[in-house]
Amino acid sequence: MNQRPTLEELMDLIVEHAESQEHFHQLDNPTYVKRGLNPHCGDEIELQLIVEERIVTEASYRGTGCLMSRGAASLLCERIIGQSIDEIKNHETSVLVGFDSSGFSIHRQFCARLAASILKEAVSQS
Ligand SMILES: [Zn+2]
């Protein structure tokens, strides 16, 4: 991406991901299962990962939440497949999710960061 997407373009991408069911499912025998809550909005997301030799080979999420939290969770799942646990531990949440949420309201930033925060917590002891 050469140009920074506008907030409107970002929101379109997030909505598209929130509506997609691609990463919204249960994995068989996940290596990591971690649930998190965003009390500011009521979003509740559970992340599931399959990790082989410290590389994420599958990622999915479940739960209920607003468009922003679900779209960000889906984007996160798509981006982290193929990444190593060490890369994930070293990256900021905005890098993990693939977009900078700082242009959004504080309320929406909590939603945007929820899945990446859960991911960070899930791998923190690894
Ligand atoms: Zn939310």
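Criteria and thresholds
Residues numbered from 1 in each chain as written. Predicted model: local features only at pLDDT ≥ 70, side-chain atom pairs only at ≥ 80, totals over all residues. Pairing = 2+ DSSP bridges. Helix = DSSP H or I, 4+ residues; strand = E, 2+ residues; numbered from the N terminus. Axes fitted to C-alpha atoms, helices over the stretch in contact; angles between N-to-C directions. Contact = placed C-beta atoms within 7 Å. Left-handed = near helix turned anticlockwise from the far one by under 90°. Nonpolar A, V, L, I, M, F, W, Y, C, P; charged D, E, K, R; others polar. Expected span 1.5 Å × (residues − 1). Buried ≥ 20, exposed ≤ 12 C-beta atoms within 10 Å, placed from the backbone. Core = buried A, V, L, I, M, F, W, Y, C linked by C-beta atoms within 7 Å. UniProt positions renumbered as here; feature names shortened; annotations may be inferred.

Quick word on the sheet that holds strand β3 (residues 55–64)
1) Next: Judged by pairing direction, the sheet is antiparallel, and its three strands sit side by side in the order β1-β2-β3 without closing on themselves. In this open sheet, the two edge strands, each paired with only one partner strand, are β1 (32–38) and β3. Taking the axes of each pair of neighbouring strands and ignoring which way they run, one obtains an average angle of 20° across the sheet.
2) Next: The pairing of β1 with strand β2 (residues 43–52) spans seven bridges and is classified as antiparallel. By the bridge assignment, lysine 34 is partnered in β2 with leucine 47.
3) Next: Against the sheet, helix α5 (residues 106–123) engages β1, β2 and β3, with an angle of about 145° to β1.

Looking at the packing of helix α2 (residues 67–80) against α5
In a pair of packed helices, the angle between the axes and the distance between the axes together describe the arrangement.
1) Next: Orientation of α2 relative to α5, taken along the N-to-C sense of each, is 35°, at an axis distance of 8 Å. Every pair of crossing elements has a handedness; the one defined by α2 and α5 is right-handed. Here Met68, Ser69, Ala72, Ala73, Leu76 and Ile80 of α2 come into contact with α5, specifically with Arg108, Cys111, Ala112, Leu114, Ala115, Ala116 and Leu119.
2) Next: Of the residues contributing to the contact of α2 with α5, the split by class is 11 nonpolar, one polar and one charged.

Notes on α2
1) Next: A rise of 1.5 Å per residue sets the reference length of α2, with its 14 residues, at 20 Å; its end C-alpha atoms lie 20 Å apart and thus fit the reference within 8%.
2) Next: Most of α2 is tucked away, with 11 of its 14 residues classed as buried.
3) Next: Those residues of α2 that sit buried are Met68, Ser69, Arg70, Gly71, Ala72, Ala73, Ser74, Leu75, Leu76, Cys77 and Ile80.

As for the nonpolar core
The tendency in soluble globular proteins is for nonpolar side chains to be buried side by side.
1) Next: Leu47, Ala72, Leu76, Ile80, Val97, Ala115 and Leu119 are the most contacted members of the largest nonpolar core, which totals 28 residues.
2) Next: Every element with two or more residues in this core is listed here: β2, β3, α2, α3 (85–90), α4 (93–97) and α5.
3) Next: When residues in this core are grouped by element, the largest group, nine residues, is from α5.
4) Next: The contact partners of alanine 72, leaving out residues within four places of it in the chain, are Ile14, Val97, Cys111, Ala112, Leu114 and Ala115.

Section: the UniProt feature "domain: NIF system FeS cluster assembly NifU N-terminal" (unreviewed entry) in the protein chain
1) Next: Under the UniProt annotation, the feature "domain: NIF system FeS cluster assembly NifU N-terminal" (unreviewed entry) is placed at residues 33–124.
2) Next: Helix makes up 47% of residues 33–124 and strand 28%, and the two end C-alpha atoms of the span are 13 Å apart.

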